[in-house]
Amino acid sequence: MEDCLAKKLEITVSEAEKRTGRNAMNIQETYTAYLIETRAVESQSEGQCAPVDSLWRRYSEFELLRNYLSVTYPHIVVPPLPEKRADFVWHKLSADNMDPDFVERRRIGLENFLLRVASHPVLCQDKIFYSFLTQEGGWKEMVNETGFQLKADSRLKALNATFRVKNPDKRFTELKHYSDELQSVISHLLRVRARVADRLYGVYKVHGNYGRVFSEWSAIEKEMGDGLQSAGHHMDVYAASIDDILEEEEHYADQLKEYLFYAEALRAVCRKHELMQYDLEMAAQDLTSKKQQCEELATGTVRTFSLKGMTSKLFGQETPEQREAKLKILEEQIQEGEEQLKSKNLEGRDFVKNAWADIERFKEQKNHDLKEALISYAVMQISMCKKGIQVWTNAKECFSKM
C-alpha cells in the first residue's frame, strides 16, 4: 500500500459543468463535464506549492475507464461508478440527471471512484488509469489501442458457462449467492429509507401550518400575541429545515448505493471464474476425446458409434500410411491439448488465488465503510430528533410567557 497512487497524488473532482456539443452521430446533445484536479503530494511535504494539473472528463469516459479495468483485471472487484440517473429517491427530490443537486452528488461519487482506484494495490499502478488523470488529449485512442474490447466476454457466453459448468467452485457459488442477497437487502433498505423520508418531509412541512396559524392568531390577540408570534417563527424555521436535512441524508444513501453496485462487481468476478472453469472442462473433454480417437486408430477398434466408423465400412479401411499420418496429427494435437490443459489449470489456480485475496480485501473495506455509514446515519437521525425536541421546548417557553 506504500506505493499506491493515492499516497503520491492528491486527486479531486472539483467542478461539474453543463455543456452542449455534437456526439459521434453528429447529433446535438447536452452533457455534464467534470473537472479532475491532481497535485503531487511529495512537493507539498517539502514545503513547496505543487502546481495543480487539471482536465475535463465526461461521465462516458469514466465508464470507458471502468470497462477497461474490469476486462483487464477480471480477478479484481473493480469499484463501481455512481448511478447515471437517480434511483431510490424520495419523491420531492428530482430524478433528472441534469438537476444541480444530483450532479453535485454524482461529482462526489466520481471523486470517490477515482480515490478507490488510486488506493487499490493493483489498479493504482495501471498506466491507462494514470493517463486518464493526467492526459486529456488522445486518452480514448490510448485505451482503445489496448484492444481490451476483444478480451471482453459476451453475456451469452457467460450465461452458457453458468448452466454448463459441471464442477463449480463452491466458494464462488456461495459468493454469487451472497452478492445477490446483499443487493436485495440494500435495495430494500433504500426503498424503506425513501418511504420514511417522504413521511418525514410531510411531518416537517405540516409544522409550517402551525407557523401560519400561530402567526394569524397573534394578529387578533394583544396579551398573547408576542408568544404566539415567536412560537410560529420556531415552527417555520423547523419546517424549512427538512430540505437541507434530507439532502444531507441523500449522501448517506449514496454510500449504501455504492455497495448496491459493488454487488454486481462481485458477480462479475464469479462469472469470469465460471467461464475459466467452463473452458478448462471443455479442454479436458476435448483431450479425452482425442486420446480415445488415437487409441481406436492405433488398435483398429471403434468403441462408440461414429460417422468415421460408418465411412470405413462403406468405403473400405484406410491404408497403413493414411492411418500413420492421422496418428501423427492426433499425437501432436494431444500434446498441444495437454500443454493447453496444463496452462489453463495454472491460469485457473492463479485466478482463484488473486481473486480471493482481493475479495478478502473488499470484505474488510465493506465492513468498515457500511459500519461508518450506518453509524453516521443513526447519529444524524438522533441529532434531527434533538432539534425537533428543542423546537417544541422553545415553543413551550413562548407559551409559558404569555
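See the structure shown above.
Before going into details, it helps to say that this report is about the structure given with it. What you see is a predicted model, and the numbers here were worked out from it, not measured in a lab.

## Digging into the pattern of salt bridges
Now for step 1: A full pass over the atoms with the stated rule returns 24 salt bridges.
Now for step 2: For aspartate 180, the salt bridge goes to arginine 267, with nearest N and O atoms at 2.9 Å. Taken together, the residues aspartate 180 in helix α9 (residues 170–218) and arginine 267 in helix α11 (residues 242–299) connect sequence positions 87 residues apart.
Now for step 3: For aspartate 180, a relative accessible area of 36% corresponds to the partly exposed category.
Now for step 4: One salt bridge connects lysine 363 with glutamate 360, and the closest N-O pair in it is separated by 4.0 Å.

## Details of the sheet that holds strand β2 (residues 28–40)
Now for step 1: If you walk across this open sheet you meet the three strands as β1-β2-β3, and the pairing is antiparallel. At either margin of the open sheet sits one strand with a lone partner, and together these are β1 (9–22) and β3 (53–58). Averaged over all pairs of adjacent strands, the angle between their axes in this sheet comes to 25°, without regard to strand direction.
Now for step 2: As paired elements, β1 and β2 share 13 bridges and run antiparallel to each other. Paired with glutamate 15 across the bridge in β2 is leucine 35.
Now for step 3: Packing of helix α3 (residues 59–72) onto the sheet brings it into contact with β2 and β3, and relative to β3 it is tilted by some 90°.

## Comments concerning the environment of serine 289
Now for step 1: For serine 289, the location among the structural elements is in helix α11.
Now for step 2: Using a relative accessible area of 33% as the deciding quantity, one classes serine 289 as partly exposed.
Now for step 3: Sequence-wise, serine 289 and isoleucine 334 are 45 residues apart; in three dimensions their C-alpha atoms are separated by 9.6 Å.

## Topic: the packing of aromatic side chains
Now for step 1: Under the counting rule described, the total for this entry stands at 14 aromatic pairs.
Now for step 2: Look at tyrosine 204 and tyrosine 238: their rings are 4.3 Å apart centre to centre, the planes differ by 25°, and that puts the pair in the stacked class. With a gap of 34 residues between them, tyrosine 204 in helix α9 and tyrosine 238 in helix α10 (residues 225–240) connect regions that are remote in the sequence. Each member of the pair, tyrosine 204 together with tyrosine 238, is buried.
Now for step 3: Here the aromatic cluster, defined as three or more aromatic residues joined through ring pairs, consists of Phe62, Phe113, Phe132 and Trp139.
Now for step 4: The cationic tip of arginine 58 hangs over the ring face of tyrosine 31; the distance from NZ or CZ to the ring centre is 3.8 Å.

## Points about the pairing of β2
On any regular strand, side chains alternate: one points to one face of the sheet, the next to the other face.
Now for step 1: Of the pairings in the sheet, the one linking β2 to β3 comprises six bridges and is antiparallel in character. Within the sheet, the bridge partner assigned to alanine 33 lies in β3 and is arginine 58.

## Quick word on the nonpolar core
Now for step 1: Of all hydrophobic cores here, the largest spans 33 residues; its most connected members are Leu114 and Leu133.
Now for step 2: Apart from the residues lying within four places of it in its own chain, the contact partners of leucine 114 are Ile11, Val13, Ile36, Phe62, Phe129, Phe132 and Leu133.
Now for step 3: Core analysis: the next-biggest nonpolar cluster, separate from the first, contains 23 residues, Tyr259, Tyr262, Cys270 and Met276 among them.

## Notes on the environment of alanine 219
Now for step 1: Within the secondary structure, alanine 219 sits in the loop between α9 and α10.
Now for step 2: The exposure class assigned to alanine 219 is exposed, which follows from its relative accessible area of 67%.
Now for step 3: Along the chain, alanine 219 and glutamine 229 lie ten residues apart, while their C-alpha atoms are 8.5 Å from each other.

## Remarks on the packing of α9 against helix α13 (residues 320–400)
Now for step 1: Following both chains from N to C, one finds α9 and α13 inclined at 15°, their axes separated by 14 Å at the closest point. Judged by the inter-axis angle, α9 sits roughly parallel to α13. You can see that α9 and α13 cross each other, and the crossing is left-handed. Contacts from Arg171, Phe172, Leu175, Tyr178, Leu182, Arg193, Leu200, Tyr204, His207, Tyr210 and Phe214 of α9 reach α13 at Phe351, Val352, Ala355, Trp356, Ile359, Lys366, Tyr377, Met384, Trp392 and Phe399.
Now for step 2: Tallied by class, the residues present in the contact of α9 with α13 amount to 17 nonpolar, one polar and three charged.

Conventions we followed
- In this convention, every chain numbers its residues from 1, walking through the sequence in written order.
- A pLDDT threshold of at least 70 governs which residues receive local features in this predicted model, and a stricter bar of 80 or more applies before side-chain atom pairs are shown or counted, although totals over entire chains, interfaces and linings include all residues.
- Side-chain measures were taken over the full set of non-hydrogen atoms in the model, leaving aside hydrogen atoms and water.
- For salt bridges, the criterion is a side-chain nitrogen of Lys or Arg within 4 Å of an Asp or Glu carboxyl oxygen.
- Strands are runs of DSSP state E lasting at least 2 residues, helices are runs of H or I lasting at least 4, and numbering of each runs from the N terminus.
- Summary of the burial criterion: residues with accessible area below 20% of their type's maximum are buried, those above 50% are exposed, and those between are partly exposed, where the area comes from a 1.4 Å probe applied to protein chains only.
- DSSP calls a pair of strands paired once it identifies at least 2 bridges connecting them.
- Inter-axis angles, ranging from 0 to 180 degrees, are taken between N-to-C directions of lines fitted to C-alpha atoms, where helices are fitted over the stretch in contact.
- By the convention used here, residues are in contact when the closest approach between their heavy atoms is within 4.5 Å.
- Two rings from Phe, Tyr or Trp (for Trp, the six-membered ring) form a pair when their centres sit within 6.5 Å of each other. Planes less than 30 degrees apart are called stacked, planes more than 60 degrees apart edge-to-face, and all others tilted.
- Charge-over-ring contacts are defined here by two conditions on Lys NZ or Arg CZ: a distance within 6 Å of the ring centre and an angle within 35 degrees of the ring normal.
- Definition used in this section: a nonpolar core is a set of buried Ala, Val, Leu, Ile, Met, Phe, Trp, Tyr and Cys residues joined via side-chain atoms within 4.5 Å.
- To sort the angles, those under 35 degrees are grouped as roughly parallel, those over 145 as roughly antiparallel, those from 65 to 115 as roughly perpendicular, and the leftovers as oblique.
- Less than a right angle of anticlockwise turn of the near helix away from the far helix marks a crossing as left-handed, whereas a clockwise turn marks it as right-handed.
- We call Asp, Glu, Lys and Arg charged. Ala, Val, Leu, Ile, Met, Phe, Trp, Tyr, Cys and Pro are nonpolar, and the rest, Gly among them, are polar.

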